[in-house]
Amino acid sequence: MPYKDSKRKAVYDAAYNAAHRKERAAYRASHRKERAAYNAAHRKERAAYDAAYDAAHPEYGVWQSMIRRCTNPNSTDYKNYGALGIRVAKRWYKFENFLADLGKRPSKNHSLSRIADTGDYKPRNVVWGTRKHQQEQKRIKRMRKQQCL
């Protein structure tokens, strides 16, 4: 619609833009509510799934911790793993592959142990180790450092 008066056009544009902004804000608010409800339901569902899987596979919790400490900056252990560049093999982002490569945990006294302490979590660098095994690895690492000095 052609306007002869530029003032009327400006008033019309301002009214249209205000109405449009209000409409967009209402849409965004409703979308946020829907998204929040979906996320809450998904978290509940995921927690139930994790609990069931954890009961069936004790290794699942170990796997989750490994992924978390290497990928989640909010994890308390991230500074000692992910922040230092320690990564998880792409194949191991699926629990089934992790379990197939590493096998079942021999006992509750075993935990993940990286052979090369500075290396990534990958099939040829990780074993199920006891505390004693991990302490021996630290001792070997310290001895190597002293020899280099």
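Bear in mind that the values here come from a model prediction, so they are computed numbers and not experimental data.

(A) Up close: the environment of Leu99. Tracing the backbone through its elements, the reader meets Leu99 in helix 3 (residues 95-102). The exposure class assigned to Leu99 is buried, which follows from its relative accessible area of 16%. Separated by 39 residues in the primary sequence, Leu99 and Tyr60 have C-alpha atoms spaced 8.6 Å apart.

(B) Representation of the nonpolar core within the structure. Among the nonpolar cores identified, the biggest contains 17 residues, and Trp63, Met66, Val88, Trp92, Phe98, Leu112 and Tyr121 are the most heavily contacted of them. At the level of elements, helix 2 (59-71), helix 3 and strand 2 (126-129) are the ones that each hand at least two residues to this core. In terms of residues, this core owes the most to one element, helix 2, which gives six residues. Filtering out sequence-adjacent residues up to four positions away, Val88 remains in contact with Met66, Ile67, Cys70, Tyr93 and Tyr121.

(C) Fine view of the side chain of Arg114. Its place among the elements puts Arg114 in strand 1 (residues 111-114). A distance of 2.9 Å separates the side chain of Arg114 from the backbone oxygen of Gly119, its partner in a polar contact. Non-local contacts of Arg114, meaning those with residues more than four positions away in its chain, are made with Tyr81, Ile86, Gly119, Asp120, Tyr121, Asn125, Val126 and Gln137.

Parameters and conventions
- One numbering rule holds for all chains: residues counted from 1, following each sequence as written.
- The predicted nature of this model means local features are confined to residues of pLDDT at least 70 and side-chain atom pairs, given and counted, to a pLDDT of 80 or more, with totals for whole chains, interfaces and linings taken over all residues.
- Hydrogens and water are ignored here; the side-chain numbers use all heavy atoms of the structure.
- What counts as a helix is a DSSP run of H or I of at least four residues, what counts as a strand is a run of E of at least two, and both are numbered from the N terminus.
- Summary of the burial criterion: residues with accessible area below 20% of their type's maximum are buried, those above 50% are exposed, and those between are partly exposed, where the area comes from a 1.4 Å probe applied to protein chains only.
- By convention a nonpolar core is built from buried Ala, Val, Leu, Ile, Met, Phe, Trp, Tyr and Cys residues, the set being connected through side-chain atoms within 4.5 Å.
- We call two residues contacting when some pair of their heavy atoms lies within 4.5 Å.
- Distance and chemistry together define a polar contact, namely a pair of N or O atoms within 3.5 Å, with one atom able to donate a hydrogen and the other to accept it when in protein, and with adjacent residues in sequence counting only for side-chain atoms on both sides.

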